[in-house]
Every structure is written in structure tokens, then in C-alpha cells.
Amino acid sequence: MNDWKVICRVEDIPVLGARRVARPRGMDVAVFRNDQDQVFALLDRCPHKGGPLSQGIVFGTSVACPLHNWTIGLDDGCAKGPDEGCTTRFACKVQDGQVLLDPVELATLATDVEPPRAGPCAGGGALGDASHDVQAPHG
């Protein structure tokens, strides 16, 4: 049985925007909301140059990386052609207006992925927090 962790309410995520979830280990997870109130969760790192996807432009079921405009599928974390590569996708669900993530995945997936050494994603952006707190994308 999987115990899901409540992350925030759907309305805490801006429409066509994202929030970041800090993890004790590893890079942040970006939680996105599109204009249909669908919610997705990806590692906050573009597979191209490591751009912060949480600062990208959400459209349909995709996000455009703010660094080089690569289009990443929110449902699978993979770049759209002709680009190639994927970022880690996290299981996500909405229940009674609350966004839930799998705590096992938060603790184990992509914890060894290094943040970029320069640019807006340098340093991981976790603000030294040791919990799974939700942060504003520019906070």
C-alpha cells in the first residue's frame, strides 16, 4: 500500500505555472498545473542543459524550458522531437483538491542528479530545507 504525501492544494499552483517541492536529498521536484487543472510532477531539470523547468512556460501538457525553449512533455518528462532526452517523472494525483506525491519516489528518484554548476538552477534552489516544502518558483 502506498501512502501518498499531501503537497499543497491545486489552487496553490498557478494556472499554467508551477511550484517547487524541496527534498532532503536531490534536486527539487516541479509540480505543474495546466489550464485544464491537470497536475504533473517532474524533476526540476531540463534534460538538455539543466534549466529550471518550474520557471518554464506551461502550455497544454508540455512545458518550454526557459533556457533554450526545449519542449518537455509533462506526462512523460521527455523532450519533443527533434530534441531527445527525458527528465524524471514523479507519480502525482489530485484527491479532494489536494495534490499528492509518492513519498518513496520523493526520497529515492533521481537523488544523484547533479544540479547545473552555473545558471538559474545552480545550487539546487532547495534553500537548505530538509523537508518536502512547497516553494514558489521564484521564491
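Look up: the structure comes first, before these words.
Residues numbered from 1 in each chain as written. Predicted model: local features only at pLDDT ≥ 70, side-chain atom pairs only at ≥ 80, totals over all residues. Heavy atoms only, no water.

S.K.: Explain the sheet that holds strand S10 (residues 98-101) residue by residue, including any values.
M.R.: Ordered in space as S1-S10-S9, the 3 strands form an open sheet in which the pairing is antiparallel. Both outer strands of the open sheet, strand S1 (5-9) and strand S9 (92-95), are each paired with one neighbouring strand and no more. Across the sheet, the mean angle separating the axes of adjacent strands is 35° when strand polarity is ignored. Relative to S10, S9 runs antiparallel, the two sharing 4 bridges. Bridging from a neighbouring strand, Val94 pairs with Val99 of S10. (Pairing = 2+ DSSP bridges. Helix = DSSP H or I, 4+ residues; strand = E, 2+ residues; numbered from the N terminus. Axes fitted to C-alpha atoms, helices over the stretch in contact; angles between N-to-C directions.)

S.K.: How would you sum up the side chain of Asp102? Please name residues and give values.
M.R.: Tracing the sequence through the fold places Asp102 in the loop between S10 and helix H1 (103-108). Of the side chains with opposite charge, Lys93 lies nearest to the buried Asp102, which makes no salt bridge, at 9.5 Å. From its side chain, Asp102 meets the backbone nitrogen of Val104 in a polar contact 2.8 Å long. (Buried < 20%, exposed > 50% of the residue type's maximum accessible area, 1.4 Å probe, protein only. Lys, Arg positive; Asp, Glu negative; His and termini not counted. Salt bridge = Lys/Arg side-chain N within 4 Å of Asp/Glu carboxyl O. Polar contact = N/O pair within 3.5 Å; in protein donor to acceptor, adjacent residues only side chain to side chain.)

S.K.: Describe the state of the cysteines, listing the residues and the values that go with them.
M.R.: Within the structure shown, the criterion is met by 1 disulfide. In this model, Cys78 is linked to Cys86 through a disulfide, with the two sulfur atoms separated by 2.0 Å. Handedness of the Cys78-Cys86 disulfide follows from its S-S torsion of about 95°: it is right-handed. A residue is classified by how much of its surface remains accessible, and Cys78, at 22% relative accessible area, is partly exposed. Between Cys46, a cysteine without a disulfide, and Cys65, which holds the nearest cysteine sulfur, the sulfur-to-sulfur distance is 3.8 Å. The exposure class of Cys46 is buried, given its relative accessible area of 1%. (Disulfide = S-S within 2.5 Å.)

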